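Structural overview for review
Here's the letter readout for the chains.
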Amino acid sequence: MRAILFGGGLSLLISLLGTRYAIRFFTRQGFGQPIRDDGPTTHHTKRGTPTMGGAVIVLATVVGYFAAKLITGTAPSASALLLMFLFVGLGTVGFLDDFLKVSRQHNLGLRSRAKMIGQTLVAVVFGFLALSPMLEDERGWRPASDHISFIRDYEGFALPTVLAMLLVWFFVTGFSNAVNLTDGLDGLAAGSSILVFAAYTLVNIWQNSQSCALEAGPKCYEVRDPLDLAVVAAAITGACFGFLWWNASPAQIIMGDTGSLALGGAMAGFAIMTRTELLLAIIGGLFVAVTLSVMIQVSVFKASRASGLVRLIFKIGPGHRVFRMTPLHHHFEMLGWEQVTIVIRFWIITGLAVAIGLGIFYAEWVAGIG
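Here goes a summary of the coordinates provided. (Residues numbered from 1 in each chain as written. Predicted model: local features only at pLDDT ≥ 70, side-chain atom pairs only at ≥ 80, totals over all residues. Heavy atoms only, no water.)

Our next topic: empty space enclosed by the protein. Taken as a whole and judged by the stated rule, the model has one cavity of 30 Å³ or more. Size it by volume and the largest cavity reaches roughly 40 Å³. Lining the largest cavity, in full, are Leu131, Ser145, His147, Ala164, Leu167, Val168, Ile272 and Glu277. For the lining of the largest cavity, the leading source of residues is helix α5 (residues 161-182), giving three residues. (1 Å grid on protein atoms, 1.4 Å probe; cavity = no way out; pocket = protein on both sides within 12 Å on 5 of 7 lines; lining within 4 Å. Points joined across faces, edges and corners; volume = space filled by probe spheres on them. Helix = DSSP H or I, 4+ residues; strand = E, 2+ residues; numbered from the N terminus.)

Set out below in structure tokens:
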């Protein structure tokens, strides 16, 4: 438990101080954020704001975690190291994207195909190692399992290795892109991520206290290294807290794809390793809603242009748009909502989603021992 406190506290301190230095450094280097011309006009004032601040989140998390392990005299676990690989790997893909944007001073960085290849490569390596027998502990538990999970694994059906790998890929690429889409207003992604990673800190602490390795009861959890995963979750939470101090409206720095891809990938990693994959859709409900808004907008727009039958059935014109602009937070901007209002209300929605997710997680355990 001391490692959790040290990891979170040190990451917060490093991020809080390091982000201040990063603002000065990136400003001197001219690493300002390009702004899309077709976006909300209120965003044009952000042009030139230092970006790639997510690098500080990644660095603070890594240093905070390993410092906590050094202070407490405990060795890093295979699960934590794998999660760190996923976190840093996707952060590197995002960093390349951000660097190309600022060096070209254009809102287009890596091509979508190149970015997806990078995300896929990291996800495949992570999935292969997490599912590999090479990383089994003395109980035969691996960092990830080949079962679909909600609160715990569904034991009735084991996925073939190929399907299990596809599931890992889907979650990693899906949630890394979901957080990337949500990172559009000052403090929105960072503040929402704090709540999600705090939730996974609690989930891992609970799974450790009710681990089957301790013979805790009929509803114990067969999860490898939950306490060490809690240290990583606390470190990411602290790093996001420190960054949010400078990223809150008006933002003095933007996390960029460096931060959003890393954070989204880590959420997926925690869901996979804690055997709560489908529960992530509830805990991270805001990110799911933002992604769905984009999918709905694009699908309806294309269908209404291509099919007269669709226009006839739904009584819509060609090129119909469900939202004024996507992702979802831009829709509310176009309705005249202040950015701060949108961010705070989206934080509230995230808090409610986290509370519901944790409630379901705990209620399942209580019902199981009743």
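The next subject is the packing of helix α3 (residues 78-104) against helix α8 (residues 256-273). The geometry of α3 relative to α8 is characterised by a closest axis approach of 7 Å and an angle of 155° between their N-to-C directions. The pairing of α3 with α8 is recorded here as roughly antiparallel in orientation. In terms of crossing hand, the pair formed by α3 and α8 is right-handed. Along the lines of polarity and charge, the residues of the contact of α3 with α8 split into 13 nonpolar, seven polar and four charged. (Axes fitted to C-alpha atoms, helices over the stretch in contact; angles between N-to-C directions. Parallel < 35°, antiparallel > 145°, perpendicular 65-115°, else oblique. Left-handed = near helix turned anticlockwise from the far one by under 90°. Nonpolar A, V, L, I, M, F, W, Y, C, P; charged D, E, K, R; others polar.)

Our focus in this paragraph is the nonpolar core. Counting 79 residues, the largest nonpolar core has Val172, Ile236, Leu263 and Phe270 as the members making the most contacts within it. Per-element tally for this core: the top contributor is helix α7 (residues 226-247), with 12 residues. Contacts of Leu263, omitting those with residues within four sequence positions, involve Ile57, Phe87, Val179, Ser193, Phe197, Ile236, Cys240 and Met255. By size, the runner-up hydrophobic cluster in this structure holds 10 residues, among which are Leu185, Phe323, Phe332 and Phe346. (Core = buried A, V, L, I, M, F, W, Y, C linked by side-chain atoms within 4.5 Å. Buried < 20%, exposed > 50% of the residue type's maximum accessible area, 1.4 Å probe, protein only. Contact = heavy atoms within 4.5 Å.)

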